[in-house]
Amino acid sequence: MTETKTLLIVDDEIQIRRLLEISLSTYGYNTVFATSGKEGLVAAATHSPALIILDLGLPDIDGMTLLKKLREWYAKPVIVLSVRSSEEDIINALDNGANDYLTKPFRSGELVARIRAAIRLSEEKKDTPLIEFGSVAIDILNHVVRKNGEIVKLTSTEYSLLTLLAKNSGRVLTHQFILKEIWGYGYLEQTQYLRVFVAQLRKKIEDDPARPVLLITESGIGYRFGS
Amino acid sequence: MTGKETSPLEGIFRHIYPYLLVVLIIGLTTLACIPLSNLQSYHIVSFILLFVVAILAVFLGIGPVLLASTMSAIAWNYFFIPPFHTFHIAKTEDRLMFISFFIIALLNGILTNRIRRQERLVRAREDETNALFQLTGELSKTRGIDGVMKVAGEDFRKHFGAEAWFIIQDGNNNLLLPSVDTDNLATDKPDPEILNWVFSNRKKAGRYTGTMSETTLTYYPLTGARISPGAVAFKIDEHRFRNKDIFWDTYCTHIANALEREFLGEMGIKARVLDESDRFYGTLFNLISHEFRIPIAAIMGASDTLMLAETSEKNREELYGEIFKASARLNQLTENLLNMSRIESGRISLRLDWHDVNDLFHRATQSLKQELEPFRLLIVVPDDMPLVRIDFALMEHVLINLLLNSSQHARPGTTLKLEASYRRNNLILNISDNGPGFPPEALPRLFDKFFRVEGSLAGGLGLGLSIVKGLVDVHKGTVAVRNNDNGGAQFTITIPSKLPDMNHLNLTE
């Protein structure tokens, strides 16, 4: 790591703040804290952190409202860390601009992996001509996908789906988002189409389609590419 | 011509018809007897006429019978008693005979008529007794308030051709009145005011009763020995109701008693449910105090030791492991309790969507990677397995609980099998292991809350399998368990799932 990144943690629980301070510093991150929504808004403006870890249950304003307010100007990643574990909450947070979502209790190793992925994704240039994941390489410039060096024949829908996911690798894309991007607004309820294409795509790019490592299912929420 | 103009005429005709019939038949009989009109045979004619009057009395009411007797006496006198064609009777013995003929005809007619009426009454009473017997028989076989109302309603229809409405109280002596259909006031509907009056005064009212009788329905209170379950309203023909107070009191009391029995039964069930929930919380607190304290003790003890400077590096590492294991166990316990309470309170919302069973199996086995490590995992999904409509997260939880259960009971190194199939609009999931299976006596209770197999090594609250059942129930599915012939337990989950609409899907695009 070339420079020490500053992370803002918005959480009203002292135990969680202490825990995050200790474990994140072990991984080389600098941490600043806010214990309420208002404090969080101020801290985000003054410290301009590389990433914000946001609790949803805040004493003054609801975390979801804070997330929306932050997203009016704050472009860097936000990871929601909450005890709320329902799929509605998760999808809602992702739709409101959260880059990732982790439920408490969590493993610090997992949290750090998500932080790294989110920061890397936000810093990567979006128009990289070549995306590589293990044995799979996507040549965006020439619309060609190779697995172990050999060209994989994809239909145009499969190709759009793969590139959409790959360009957002490490990030959970909700079903609705993918359906809207690939098929359009009229198809938001047609999850069955998405399932069929995901299954087809897995057969073409995964080593073992029954145990996918690239195209990962996020239970009831969506898909994540690589991790 | 409209019905209104013809019906009074018809009424009159129906009224005078028996008299006309009497005139006709007596007239014809007299005519037929004319050839016999000589001095010797007029006695025979009297017998014939008496016979005809008796026959008429079997079929007709008292008025026509009186007419028949009078007419036949006159006809006999006029046509057959000498001197013929006069009302004068010459011989004293003939005069006596005429008077006795008239009396015999009259008595004959009246008695036959009375016997017939009596017989009709007996038959009606028999019908009523039958109705009562049948009602009692059927009611004693019926369970549940709705069941009783259905049986009683059918009985009303069958025996009296009557429509009946039963209105039940809510347990606090308020009738659960049917909503008033304002668009359709013309049809017969029980009047809430009369119902309430009948219910609170425990008296009948409505048609034929003398109280508020200007309505179309008759209202009876349903009064049992201890409580009043409600009231009944019915529409019935007058002849089936008038002067049958005792019968109708008995009939309604029978229904009331059956309803009271069910009512008290259900209240008893409610009391039992409350009692059960008391016991539920008792068990819960016992289990929580035990199951939660152990990992908490482990965490406190281990961290306490870690704070001591002299703890060796090797011990430290082990203690860290213990803390992690204990917290994972606490997490699992909390998760199970939360899920159980969500299921119990009915607050689980089902998010049905199309899913790939391969995905489901993969996710479930993935999250139990460590626990499943010692086993050989066999996953069978047919190539043509369709997408199924389930709540992915809930079903993942179901599989995790079942796999955890198997992993705790089966020997390391044996095979755990996950199998999916699709048959007759149902998703079928089989989860089997090669463990020792369950003791047969435990099988029926496996899905009960807090049930733990006697002597089972695994700790826990005994909630895992009841959560499985709860989550499958939410899917309107079933879960069954049996011991395999070759050892091991097999869980079978069946969940109704239609096929997805793929009409507009083009796979080659």
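Because the structure is a prediction, the values reported are computed rather than measured.

What counts as what
Residues numbered from 1 in each chain as written. Chains lettered and ligands numbered in written order. Predicted model: local features only at pLDDT ≥ 70, side-chain atom pairs only at ≥ 80, totals over all residues. Heavy atoms only, no water. Pairing = 2+ DSSP bridges. Helix = DSSP H or I, 4+ residues; strand = E, 2+ residues; numbered from the N terminus. Axes fitted to C-alpha atoms, helices over the stretch in contact; angles between N-to-C directions. Contact = heavy atoms within 4.5 Å. Phe/Tyr/Trp six-rings, centres within 6.5 Å; stacked < 30°, edge-to-face > 60°. Buried < 20%, exposed > 50% of the residue type's maximum accessible area, 1.4 Å probe, protein only. Lys NZ or Arg CZ within 6 Å of the ring centre and 35° of its normal. Domains from an automatic or database assignment. 1 Å grid on protein atoms, 1.4 Å probe; cavity = no way out; pocket = protein on both sides within 12 Å on 5 of 7 lines; lining within 4 Å. Points joined across faces, edges and corners; volume = space filled by probe spheres on them. Patch = residues over 30% accessible without salt bridge, like charges linked within 9 Å, V, L, I, M, F, W, Y side chains within 5 Å. Areas by Shrake-Rupley, 256 points an atom, 1.4 Å probe, with all protein chains shown as cover. Salt bridge = Lys/Arg side-chain N within 4 Å of Asp/Glu carboxyl O. Nonpolar A, V, L, I, M, F, W, Y, C, P; charged D, E, K, R; others polar. Buried area = accessible area lost by both parts, 1.4 Å probe. Polar contact = N/O pair within 3.5 Å; in protein donor to acceptor, adjacent residues only side chain to side chain.

Residue and element names in this part refer to chain A. Strand order in the open sheet made by the three strands is β10-β12-β11, with antiparallel pairing throughout. The open sheet has two free edges, formed respectively by β10 (172-174) and β11 (215-218), since each of these has just one partner strand. Averaged over all pairs of adjacent strands, the angle between their axes in this sheet comes to 30 degrees, without regard to strand direction. Bridging between β10 and strand β12 (residues 222-225) involves three bridges; their strand directions are antiparallel. Bridging from a neighbouring strand, T174 pairs with G222 of β12. Relative to the sheet, helix α6 (residues 156-167) contacts β10, β11 and β12, its axis offset from that of β12 by approximately 70 degrees. Against the sheet, helix α7 (residues 175-182) makes contact with β10 and β12, and its axis sits at roughly 70 degrees relative to β10, the strand it touches most.

With that settled, consider the packing of aromatic side chains. Residue and element names in this part refer to chain B. Following the criterion strictly, the structure yields 22 aromatic pairs over all chains and no others. Here F247 and Y251 contribute two aromatic rings whose centre-to-centre distance is 5.5 Å and whose plane-to-plane angle is 35 degrees, an arrangement assigned as tilted. In this pair, F247 and Y251 are both assigned in helix α8 (residues 245-306), four residues apart and thus about one turn of the helix distant. Across this residue pair, the class does not change: F247 and Y251 are buried. Taken together, the aromatic side chains of F156, F160, F166, Y220, F234, F247, W248 and Y251 make up a single cluster linked through ring pairs. A cation over a ring is seen here: R389 above W354, with NZ or CZ 5.0 Å from the ring centre.

As far as domains go, chain B holds domain 1 (3-122), domain 2 (142-177 + 189-268), domain 3 (279-344) and domain 4 (353-496). One C-alpha centre belongs to domain 1 of chain B, the other to domain 3 of chain B; they are set 106 Å apart.

What follows is about the sheet that holds strand β3 (residues 51-54) of chain A. Residue and element names in this part refer to chain A. Strand order in the open sheet made by the five strands is β2-β1-β3-β4-β5, with parallel pairing throughout. Edge positions in the sheet fall to β2 (30-34) and β5 (100-103), since each has one partner strand and no second. Averaged over all adjacent pairs, the angle separating strand axes in this sheet is 20 degrees, with direction ignored. In this structure, β3 lies alongside strand β4 (residues 78-82), joined through three bridges in parallel fashion. For L54, the partnering residue across the bridge sits in β4 and is V80.

Residue and element names in this part refer to chain A. Across all of its chains, the model carries one cavity of 30 Å³ or more by this definition. A volume near 40 Å³ is recorded for the largest cavity. Lining the largest cavity we find N99, D100, R114, A117, A118, L121, G170 and R171. Ranked by residues supplied to the lining of the largest cavity, first place goes to helix α5 (residues 108-123) with four residues.

It is worth spelling out a nonpolar patch on the surface at this point. Where nonpolar side chains cluster on the molecular surface, the patch consists of B:L9, B:I12, B:F13, B:I16, B:Y17, B:Y19 and B:L20 and spans about 700 Å² of accessible area. Locating B:L20 in the fold gives a position in helix α1 (residues 3-33).

Okay, the layout of surface pockets next. Summary: where empty space remains is shown by rolling a probe the size of a single water molecule over the atoms. Residue and element names in this part refer to chain B. Here the second largest pocket is characterised by a volume of approximately 580 Å³. Residue lining of the second largest pocket: 19 residues in total, with A124, R125, E128, H239 and K244 positioned closest to the centre. Contributing elements (two or more residues each) for the lining of the second largest pocket: α4 (92-141), α5 (145-160) and α7 (238-241). For the lining of the second largest pocket, the leading source of residues is α4, giving eleven residues. In the lining of the second largest pocket, the residues fall into five nonpolar, five polar and nine charged.

Moving on to the domain arrangement of chain A. Residue and element names in this part refer to chain A. Entries for chain A in the domain assignment read domain 1 (6-123) and domain 2 (130-225). Placing a centre on the C-alpha atoms of domain 1 and another on those of domain 2 gives a separation of 27 Å. Across the contact, eleven residues belong to domain 1 and eleven residues belong to domain 2. Surface buried jointly by domain 1 and domain 2 totals about 900 Å² across both partners, of which 55% is contributed by carbon and sulfur atoms. Counting the surface domain 1 buries against domain 2, the share from its top three residues, L94, N99 and L121, is 43%. On the surface where domain 1 and domain 2 come into contact, there are one salt bridge. Taken together, domain 1 and domain 2 are joined by one residue pair in polar contact (both at pLDDT 80 or more).

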